[in-house]
Amino acid sequence: MSGIRFVRRMDGLTYEFARDGEADGFLSYKRVDLDMWCRRLPDFGWVVCDAAGVVSSRPFDAAGRGDLPPEGVWVSRKGERSYVYDLVRAEARGATGSGIR
């Protein structure tokens, strides 16, 4: 697996992350258009966070303590808003025609 995608349920907006090294002994994924990361934090589980480690999204049902970020429902918070996404594992696509908005 070379990447993951977050697909927003309400409108299909898609964010793609490509595998980019490791953090704390686990695979790390960087959003292809922004300095955001999907990482497993040692005492917290899998999250989406910025470079400083500020969490903006996490799995809804369980923290995900496996080697890979858990597929399924994730929730995010951006200011006063929150969104529901589905994480799917996928082969990374090139920037052209990737559907990233």
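Structure first, text after, so check above.
Residues numbered from 1 in each chain as written. Predicted model: local features only at pLDDT ≥ 70, side-chain atom pairs only at ≥ 80, totals over all residues. Heavy atoms only, no water.

(A) Structural context of the sheet that holds strand E1 (residues 3-8). With respect to topology, eight strands assemble into a closed barrel ordered E1-E2-E3-E4-E5-E6-E7-E8, the strand pairing being antiparallel. Between one strand axis and the next, the sheet turns by 30° as a mean value, whatever way the strands run. Pairing of strand E3 (residues 26-31) with strand E4 (residues 36-41) involves two bridges; the strand directions are antiparallel. Residue pairing in the sheet places Tyr-29 in a bridge with Cys-38 of E4. (Pairing = 2+ DSSP bridges. Helix = DSSP H or I, 4+ residues; strand = E, 2+ residues; numbered from the N terminus. Axes fitted to C-alpha atoms, helices over the stretch in contact; angles between N-to-C directions.)

(B) View of the pairing of E4. Two successive antiparallel strands, E3 and E4, enclose a turn made up of four residues. Here six bridges tie E4 to strand E5 (residues 45-50), and the two strands are oriented antiparallel to one another. By the bridge assignment for E5, Leu-41 is matched with Gly-45. Between E4 and the antiparallel strand that follows it, E5, lie three residues.

(C) View of the packing of aromatic side chains. Evaluation of the coordinates by the stated rule reveals six aromatic pairs. Plain terms: the ring middles of Phe-6 and Phe-17 are 5.3 Å apart, the flat faces sit at 70° to each other, and that makes the pair edge-to-face. In this pair, Phe-6 is assigned in strand E1 and Phe-17 in strand E2 (residues 14-23), connecting sequence segments eleven residues apart. Residue Phe-6 is classed as buried on the basis of its relative accessible area of 3%. (Phe/Tyr/Trp six-rings, centres within 6.5 Å; stacked < 30°, edge-to-face > 60°. Buried < 20%, exposed > 50% of the residue type's maximum accessible area, 1.4 Å probe, protein only.)

(D) Region of interest: the pattern of salt bridges. The tally for this structure, following the rule as stated, stands at four salt bridges. Of the charged contacts in the structure, one is a salt bridge between Asp-11 and Arg-8, with a shortest N-O distance of 2.7 Å. Between Asp-86 and Arg-9 there is a salt bridge whose closest N-O contact spans 2.9 Å. Of this pair, Asp-86 sits in strand E8 (residues 81-90) while Arg-9 sits in the loop between E1 and E2, placing them 77 residues apart in sequence. (Salt bridge = Lys/Arg side-chain N within 4 Å of Asp/Glu carboxyl O.)

(E) Representation of the pairing of E5 within the structure. Of all six residues making up E5, five are buried, and the element is well covered by its neighbours. With two bridges joining them, E5 and strand E6 (residues 55-59) adopt antiparallel strand pairing. When the sheet's bridge partners are listed, Val-48 is paired in E6 with Ser-57. What sits between the antiparallel neighbours E5 and E6 is a turn of four residues, in which Gly-53 has the positive phi angle 90°.

(F) Quick peek at the state of the cysteines. Enumeration over the complete set of coordinates arrives at zero disulfides. A disulfide-free cysteine, Cys-38 has its sulfur positioned 8.2 Å from the sulfur of Cys-49, the nearest such atom. For Cys-38, a relative accessible area of 0% gives the class buried. (Disulfide = S-S within 2.5 Å.)

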